[in-house]
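Structural description and commentary
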Amino acid sequence: MNELLLSKRLLTVANEIPIGSKIADIGSDHAYLPCYAVLNGIVSSAIAGEVNEGPFQSAQKQVNKLNLQGYIDVRKGNGLEVINPEDVNVITIAGMGGQLICEILEEGKDKLTKVNRLILQPNVAASNVRKWLIENDWELINEQILEEDGKIYEVLTAERGIPDNPYRDVQKKAAAILLGPFLMKTNNAAFKKKWSLELSNWKKILKQLEQATVTEELVTKRKEIEENIRMVEEVFKQ
Ligand code: SAM
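Please read all numbers here as calculations on a predicted model, not as lab measurements.

Section: the packing of aromatic side chains
For the structure shown, the criterion picks out one aromatic pair. Ring geometry for W195 and W202: centres 6.1 Å apart, planes at 40°, overall tilted. In terms of burial, W195 and W202 fall into one category: buried. Note that R9 overlies the ring of Y153, its terminal NZ or CZ placed 5.5 Å from the centroid.

Description of the packing of helix α4 (residues 98–107) against helix α5 (residues 126–135)
The contact between α4 and α5 brings their axes to 7 Å, and the two run at 25°. Here α4 is positioned roughly parallel relative to α5, judged by the angle of their axes. Along this stretch, α4 crosses α5, giving a crossing that reads as right-handed. Facing α4, whose interface residues are G98, Q99, I101, C102, L105 and E106, α5 presents N128, V129 and W132. Classifying every residue of the contact of α4 with α5 by side-chain character gives five nonpolar, three polar and one charged.

A look at the packing of helix α8 (residues 189–211) against helix α9 (residues 216–237)
Close contact between α8 and α9 brings their axes to 10 Å; oriented N to C, the two are set at 150°. The pairing of α8 with α9 is recorded here as roughly antiparallel in orientation. Read as a crossing pair, α8 and α9 show a hand that is left-handed. When α8 is examined against α9, the residues F191, K192, W195, S196, L199, W202, K203, I205, L206 and L209 are found in contact with a partner set consisting of L218, K221, R222, I225, E226, N228, I229, V232, E233, V235 and F236. Of the residues assigned to the contact of α8 with α9, the class counts are 13 nonpolar, two polar and six charged.

Regarding the pattern of salt bridges
Per the stated rule, a full pass over the model turns up 14 salt bridges. We note a salt bridge from D169 to K185, for which the minimum N-O separation is 3.3 Å. Separated by 16 residues along the polypeptide, D169 in the loop between β7 (151–160) and α6 (173–179) and K185 in helix α7 (residues 183–186) bring together distant segments of the chain. Like D169, the residue K185 is exposed in the burial classification. Through salt bridges that share partners, R130, E143, E154 and K194 make up one connected network.

So, unusual backbone geometry
At D29, a position not held by glycine, the phi torsion is positive, near 50°. Along the chain, the position of D29 falls in the loop between β1 (21–26) and α2 (32–39). In this model, A31 sits at a positive phi of 60°, which is unusual for a non-glycine residue. Relative to the elements of secondary structure, A31 occurs in the loop between β1 and α2.

Structural notes on a nonpolar patch on the surface
Together, L4, L5 and L39 make up an exposed nonpolar region whose accessible area comes to about 310 Å². Here L5 is to be found in the segment before α1 (8–14). Accessibility expressed as a relative area gives 61% for L5, which makes it exposed.

Focus on the environment of E50
As for its placement among the helices and strands, E50 is situated in strand β2 (residues 43–50). Relative accessible area serves as the criterion here: at 7%, E50 is assigned to the buried category. A C-alpha to C-alpha distance of 35 Å links E50 and W202, two positions 152 residues apart in sequence. The contact partners of E50, leaving out residues within four places of it in the chain, are G27, S28, D29, P55, F56, R75, K76 and G77.

Reading the values: the criteria
Residues numbered from 1 in each chain as written. Predicted model: local features only at pLDDT ≥ 70, side-chain atom pairs only at ≥ 80, totals over all residues. Heavy atoms only, no water. Phe/Tyr/Trp six-rings, centres within 6.5 Å; stacked < 30°, edge-to-face > 60°. Buried < 20%, exposed > 50% of the residue type's maximum accessible area, 1.4 Å probe, protein only. Lys NZ or Arg CZ within 6 Å of the ring centre and 35° of its normal. Axes fitted to C-alpha atoms, helices over the stretch in contact; angles between N-to-C directions. Helix = DSSP H or I, 4+ residues; strand = E, 2+ residues; numbered from the N terminus. Parallel < 35°, antiparallel > 145°, perpendicular 65-115°, else oblique. Left-handed = near helix turned anticlockwise from the far one by under 90°. Contact = heavy atoms within 4.5 Å. Nonpolar A, V, L, I, M, F, W, Y, C, P; charged D, E, K, R; others polar. Salt bridge = Lys/Arg side-chain N within 4 Å of Asp/Glu carboxyl O. Patch = residues over 30% accessible without salt bridge, like charges linked within 9 Å, V, L, I, M, F, W, Y side chains within 5 Å. Areas by Shrake-Rupley, 256 points an atom, 1.4 Å probe, with all protein chains shown as cover.

Shown next as structure tokens:
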């Protein structure tokens, strides 16, 4: 992978950026995504944000190597603190856990005033991201799921809107938050694989819990897993 040949995962994110956007890629590491977006004329300039010194240096190196210093501003800082709200209308955050993505968005809420699209690629816990979007008046407008090198990734695109819209015609909102309201309709091979693996993992955990001492916490955990299993199996039946 490099700035010209993105991974399938990052290409899926890049394809969600409207042409002419002003983007900030938060947690940019090598800055592959902003470099690709500039080199392919998707955006005319971009901000690459990084909190850690090593990835910040890698991003700078990459931008310098491609002579893109005039187009990509590599900034060191935590989450959205690197942006000025006036300068950005699309934010991409990829390759992190869903919980960290939520924390970055929550802590940087005041930086989102001019942002009209979020493109988020949580490696795990996408349901946390869906919950954050609902609670903060963002409407999911697209979701994609793909497999690359044996791993399954979800890409969530949201715009300011009516958060309930994608959940209107689903039978059970909790299931749609877990699985993704768009993804459960698509029900493609990557989706089936992800949730079949989760199902067998949950069933294994339930077996292990049978041996454990019964506590209130264990009972809650067991109920939660059983409910998840029920929701996924129901969607698989449809
Ligand atoms: N976005 C790239 C991708 O998808 O390939 C890099 C993903 S990498 C696994 C996650 C990056 O996020 C790391 O470089 C890490 O330093 C950075 N990161 C983690 N927390 C961050 C935060 N609060 N603010 C900015 N960057 C952060």
